[in-house]
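Residues per chain, in single letters:
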Amino acid sequence: MDTEPRHTSALLVNRRGQYLLHLRDAHKPIDDPGAWSLPGGAREGGETPEEAVARELREETGLVLDGLTRFTVIDDMTVFLGRWDGDPSRLPVGEGIMFAFFDAATTAHLTMAPWAAEVLARHQADGNVPPPLRHRKDAVANVIGVHLYLERDGKVLLGLRHPDSPFAPLHHHFLAGHCEQESAVACLIREAREEAGLVIEAADVELAHVVHVVGTPGTRPRLQLVFRARRWAGEPRLLEPDKCLAWEWWPLDALPDPLVGYARTALDGVRAGRLYSEQGWE
């Protein structure tokens, strides 16, 4: 006989001690309309609570998390505790209105589902909520850029950026992109496939150079990671013509002009066997 509760939810806490909450629809015939709650839902078929909470998290947030542990049971619900430090604004909203992080003090002023408020109260009573991190008022998060260094027969692969590009139009540059909710190497592999149809395995990737760049005053600093792929499959194809006009192999001793400034810095660093450079810092 199955005696497990039929419902599950996930209490996700970040390193600041903030809780990930889900704002429910206000105008639907559902429980706790318009209230902040926890992601989760009912078990289906013969699912275990662990299987159900994993499925619900994936459906509602797109998250696939390891390390969820049983925390408490409230009425007919098993609550799982986990850690997540991502950006809730980037989560796909499968149900409800939005996701957001709140610290313990702020949750007291929210309209919350009663059972969710009880879950948070139990968690805080355990004394395992880390204190909020203190940040300098002028602290700025750095943007992470990922770049592909491919070398063949003494030539390096560079793309000519589209004239309508908001960054460096008609300049030559690496195949590149910004890290999303993924590792830097996973980003590199994805961008290589999406932009040029190249297939790269993670085991064939190594860090070649890092450039820490700051531009004009008020802009966010950028940490530009350049990875070398020792092997790859395919020839570069123009798959995003709105971003890049052509892929070409350029001799390392005859690089094209104009070339994105920090890309030239990185290429110089790779040739010199240097792993790190800075640009724009006083």
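Residues numbered from 1 in each chain as written. Predicted model: local features only at pLDDT ≥ 70, side-chain atom pairs only at ≥ 80, totals over all residues. Heavy atoms only, no water.

Draft legend 1. Local environment of the overall build of the protein chain. A count of helical and extended segments in the protein chain gives five helices and 16 strands. Dimensions of the protein chain along its principal axes, counting C-alpha atoms only, are 70 × 45 × 35 Å. In the protein chain, of all internal contacts separated by at least 6 residues, the share reaching a separation of at least 24 is 68%. Accessible area of the protein chain: about 15,300 Å², with a carbon and sulfur share of 52%. (Helix = DSSP H or I, 4+ residues; strand = E, 2+ residues; numbered from the N terminus. Contact = heavy atoms within 4.5 Å. Areas by Shrake-Rupley, 256 points an atom, 1.4 Å probe, with all protein chains shown as cover.)

Draft legend 2. Focus on the sheet that holds strand β12 (residues 175–178). Pairing in this open sheet of five strands is mixed, and the strands run β12-β8-β14-β13-β16 from one edge to the other. Two strands bound the open sheet, and with one partner strand each, they are β12 and β16 (276–279). Averaged over all adjacent pairs, the angle separating strand axes in this sheet is 25 degrees, with direction ignored. In this sheet, strand β14 (residues 222–229) lies alongside strand β8 (residues 143–149) in parallel orientation, the contact comprising seven bridges. Residue pairing in the sheet places I144 in a bridge with L223 of β14. Each of β8, β12, β13 (205–213) and β14 is contacted by helix α4 (residues 184–196), which is oriented at about 125 degrees to β12, the strand it contacts most. (Pairing = 2+ DSSP bridges. Axes fitted to C-alpha atoms, helices over the stretch in contact; angles between N-to-C directions.)

Draft legend 3. Here's a closer look at the nonpolar core. One finds L148, L150, L198, I200 and F227 to be the most contacted residues of the largest nonpolar core, which totals 21 residues. For this core, the elements supplying multiple residues, two or more each, are β8, α4, β13, β14 and β15 (244–251). A total of six residues in this core trace back to one element, the largest contributor, which is α4. If we skip the residues at most four places from it in the chain, I200 touches L148, I189, A192, V205, A229, R231 and W232. (Core = buried A, V, L, I, M, F, W, Y, C linked by side-chain atoms within 4.5 Å. Buried < 20%, exposed > 50% of the residue type's maximum accessible area, 1.4 Å probe, protein only.)

Draft legend 4. Fine view of the pattern of salt bridges. Following the criterion strictly, the structure yields 20 salt bridges and no others. A salt bridge links R228 to E206, with the nearest nitrogen and oxygen atoms 3.3 Å apart. Of this pair, R228 sits in strand β14 while E206 sits in strand β13; the two residues are 22 residues apart in sequence, bridging distant segments of the chain. R228 sits in the partly exposed class, given a relative accessible area of 24%. Sharing partners across several salt bridges, the network here consists of E44, E47, R55, E56 and E59. (Salt bridge = Lys/Arg side-chain N within 4 Å of Asp/Glu carboxyl O.)

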